[in-house]
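Descriptive analysis of the structure
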Amino acid sequence: MEKKVGIVGGGAAGMTAAITAARQGAKVTILEGNDRVGKKILATGNGKCNLGNLKLDAQDYYTGQPQFLKRCLERFGKEDTVSFFQGLGLMLKEKNGCLYPACEQASAVLDVLRYELASLGVEVVTDCKVNRIYAGPEESGITLKSGKRTFHFDSAVIACGGKAAPKTGSDGSGFELARQLGHTILPTVPALVQLTCSEPYLKAVSGVRADAEIHVWNQGKLLASERGELQLTDRGISGIPVFQFSRQVNYILRRQKEVEVTIDFLPDLGREEYDHLQNDRKLLLDGRTAEEFFTGILHKKLMLQFMKLAGLKPTEQAQLADVKKIAAVYGLCREWRLHVNGHYSYDNAQACAGGIPLDQVTRNLESKRAKGVFFAGEILDVDGRCGGYNLHWAWCSGHLAGKASSGEMCG
Ligand SMILES: Cc1cc2nc3c(=O)[nH]c(=O)nc-3n(C[C@H](O)[C@H](O)[C@H](O)COP(=O)(O)OP(=O)(O)OC[C@H]3O[C@@H](n4cnc5c(N)ncnc54)[C@H](O)[C@@H]3O)c2cc1C
């Protein structure tokens with residue numbers, strides 16, 4: 001008999017689960033809260049969709065169960081992402097390990113997934129927000145409810161995403177469904193998100209983008225270091241290096257007010273080299289104002305702000321200026337300290353950290369609380385770094401859950 005599989009959520013993970021289950025001969029229905037599937041995919045990778053990474057490694061993910069995650073990635077690795085999409089007819093290209101559709105259009109990724117759903121006869125029910133789930137009515141079935149509509153399936157995959165970018169449909173309602181089945185949810189925080197800082201003068205440097213190395217400190221201990229293009233906003237810090245450590249900072253900010261970061265805008269210069277440079281530049285002091293003297297080291301807005309922080313007037317003669325103040329400006333270029341006191345909301349986050357702990361599911365991502373119910377994607381306690389890792393997890397977990405939910409290897 002054909003197995004009936006219901007997929008809650010037609011995002012990256014849900015569509016992959018649907019394709020995998022349907023390829024195994026199951027009769028698959030996607031119940032999607034939005035008026036169409038895959039809305040978030042269109043926004044990924046700035047519209048280009050970084051759908052995977054050839055340098056995939058379990059270390060690029062955060063989860064409470066790293067060994068479990070590693071085993072999942074061994075069962076669906078980077079080659080599987082490549083062959084999955086090539087099998088759908090999508091040409092891929094690679095930049096520094098990151099995988100994109102060759103046409104650089106996220107819509108192409110969604111299109112090939114939609115075409116495959118259609119050709120496999122997967123039914124897609126849109127505007128169908130599921131708000132209730134329970135076992136039954138038969139011994140082994142699952143019932144899903146969306147308002148007054150009721151659906152019965154032999155098994156179900158919950159792939160509702162987390163809370164990131166709720167406008168795309170992932171508003172956290174999947175966690176409520178998991179709770180109805182008896183699951184606990186690990187506290188969530190926005191991940192891959194901009195951070196806010198308490199320094200009142202950030203408006204003056206807003207808009208500056210610069211290559212930098214950023215170090216994150218918690219109570220004097222180095223927590224993380226990231227290198228890349230830092231973006232300064234009027235409220236704080238942004239850019240990929242900031243996104244990468246944002247989830248760690250956000251968990252700390254749940255229990256304390258502030259986390260410190262120090263920013264090195266000249267990370268390629270060794271300490272000695274920098275000392276020499278300062279020495280050599282002394283020749284330039286003569287006849288120049290402080291502003292003229294510091295021109296061209298970093299973005300003008302930053303240099304003016306650093307002079308202000310050091311107590312140096314841009315108009316004063318550099319040669320007559322207090323040497324300690326000159327040194328302080330040089331010091332700020334290497335170690336500018338900011339106090340992170342918050343983050344932008346889930347609206348701006350690319351991922352959601354936390355979720356259903358992996359020890360509450362089997363190796364096939366089946367619920368240990370409700371037989372026949374599987375989970376896939378960001379709803380689980382897995383979030384990755386920027387670089388295609390989160391979508392890889394969606395394809396990987398969608399594949400594992402879809403395969404098991406349609407019969408093979410249940411349990
Ligand atoms: C702006 C942005 C850019 C990103 N760029 C990248 C990138 O380039 N590379 C990368 O790897 N990752 C990227 N990500 C992260 C990646 O998109 C997500 O990790 C991934 O899409 C998660 O897939 P998912 O299927 O688990 O959840 P989602 O994609 O969030 O899909 C969940 C689906 O479930 C539906 N749903 C929710 N609740 C219900 C319910 N109760 N009933 C019915 N349906 C429901 C939602 O409407 C949605 O369609 C980006 C994210 C954002 C927001």
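An account of the accompanying structure is given in this report. (Residues numbered from 1 in each chain as written. Predicted model: local features only at pLDDT ≥ 70, side-chain atom pairs only at ≥ 80, totals over all residues.)

**Quick notes on the overall build of the protein chain**
Applied cut-off: Under the DSSP-based scheme used, a helix requires at least four consecutive residues in state H or I and a strand at least two consecutive residues in state E, with every element numbered from the N terminus. The contact rule is simple: place each C-beta atom from the backbone, and if two of them lie within 7 Å, those residues are in contact.
Counting secondary structure elements, the protein chain contains 12 helices and 21 strands. Dimensions of the protein chain, computed from the C-alpha atoms along their principal axes, are close to 90 × 45 × 35 Å. Residue pairs in contact within the protein chain that sit at least 24 positions apart in sequence constitute 72% of those at least 6 positions apart.

**Considering helix α7 (residues 240-253)**
As a reminder of what qualifies: The span one expects for a helix is its residue count, reduced by one, times 1.5 Å. The angle separating two fitted axes, one through the seven residues that finish at a residue and one through the seven that start at it, defines the bend at that residue. Residues are called buried when their C-beta atom has 20 or more other C-beta atoms within 10 Å, exposed when it has 12 or fewer, and partly exposed otherwise; all C-beta atoms are positioned from the backbone.
The terminal C-alpha atoms of α7 lie 20 Å apart, and with 14 residues this matches the ideal 20 Å at 1.5 Å per residue to within 8%. Helix geometry: α7 is bent most strongly at Ser 246, by close to 45°. Of all the residues in α7, the buried ones are Pro 241, Val 242, Phe 243, Gln 244, Phe 245, Ser 246, Arg 247, Val 249 and Asn 250.

**Looking at the site of the ligand**
Here is the rule we go by: For each residue, a C-beta position is placed from the backbone atoms; the residue is near a molecule or strand when that point lies within 6 Å of it.
Lining the immediate environment of the ligand, one finds 39 residues, of which Gly 9, Gly 11, Gly 161, Gly 169 and Gly 377 sit closest. Broken down by secondary-structure element, the contributors of at least two residues to the shell around the ligand are α1 (12-23), α2 (39-43), α6 (173-180) and α12 (389-405). Among the elements that take part in the shell around the ligand, α12 stands out by supplying four residues, more than any other.

**Some words on the packing of α1 against helix α5 (residues 106-119)**
Condition: Working convention: axes come from line fits to C-alpha atoms, limited for helices to the stretch in contact. Angles between N-to-C directions cover 0 to 180 degrees. Helix crossings get a hand from a simple test, with the near helix turned counterclockwise from the far one by less than a right angle marking a left-handed crossing and a clockwise turn marking a right-handed one.
Following both chains from N to C, one finds α1 and α5 inclined at 35°, their axes separated by 10 Å at the closest point. Two packed elements cross with a definite hand, and for α1 against α5 that hand is left-handed. For the pair α1 and α5, the contacting residues are Met 15, Ala 18 and Ile 19 in the first and Leu 113, Glu 116 and Leu 117 in the second.

**A few points about the pairing of strand β2 (residues 27-31)**
Spelled out, the test is: One bridge is not enough; two strands pair if DSSP finds at least two bridges between them.
The buried fraction of β2 is high, at four of five residues. Of the strand pairs in this sheet, strand β1 (residues 4-8) and β2 are connected by five bridges, and their pairing is parallel. When the bridges of β2 are listed, Val 8 appears paired with Leu 31. Bridge count between β2 and strand β7 (residues 123-125): three bridges; the pairing is parallel. Within β7, the residue paired with Leu 31 across the bridge is Val 125.

**A short note on the environment of Gly 45**
Here Gly 45 shows up in the loop between α2 and β3 (52-53). Ignoring any residue separated from it by four or fewer positions in sequence, one finds Gly 45 in contact with Asn 50, Tyr 100 and Ala 106.

**Some details on the nonpolar core**
Threshold: Definition of nonpolar core: a set of buried Ala, Val, Leu, Ile, Met, Phe, Trp, Tyr and Cys residues joined via C-beta atoms within 7 Å.
Counting 119 residues, the largest nonpolar core has Ile 7, Val 8, Ala 18, Val 157, Ile 158, Ala 159 and Phe 375 as its most contacted members. The dominant element in this core, judged by the number of residues it contributes, is α12, at nine residues.

**So, helix α11 (residues 323-334)**
Side chains that are three or four residues apart share a direction in an α-helix, a result of its 3.6 residues per turn. The criterion, for reference: Along the arc lie the directions from the helix axis toward the C-beta atoms.
With 12 residues, α11 should cover 16 Å at 1.5 Å per step; its first-to-last C-alpha distance of 17 Å lies within 8% of that length. Where α11 is concerned, the buried positions are Ile 326, Val 329 and Leu 332. Buried residues of α11, seen end-on, are gathered within an arc of 120° and therefore sit on one face of the element. Opposite the buried face of α11, at more than 90 degrees from it, the exposed residues are Val 323, Lys 324 and Ala 327. Against the buried residues of α11 lie α10 (300-310) and β18 (336-343).

**Examining the environment of Gly 311**
In this fold, Gly 311 is placed in the loop between α10 and α11. C-beta crowding within 10 Å serves as the criterion here: with 12 such atoms nearby, Gly 311 is assigned to the exposed category. For the pair Gly 311 and Lys 324, spaced 13 residues apart in the sequence, the C-alpha separation amounts to 9.9 Å.

**A short note on the sheet that holds β1**
In space, the five strands of this open sheet follow the order β7-β2-β1-β11-β20, with parallel pairing throughout. Looking at strand neighbours, the two that pair on one side only are β7 and β20 (373-375), the edges of this open sheet. Taking each pair of neighbouring strands and ignoring which way they run, the sheet shows an average axis angle of 20°. Contacting β1, β2 and β11 (155-158), α1 crosses the sheet at an angle of about 170° to β2.

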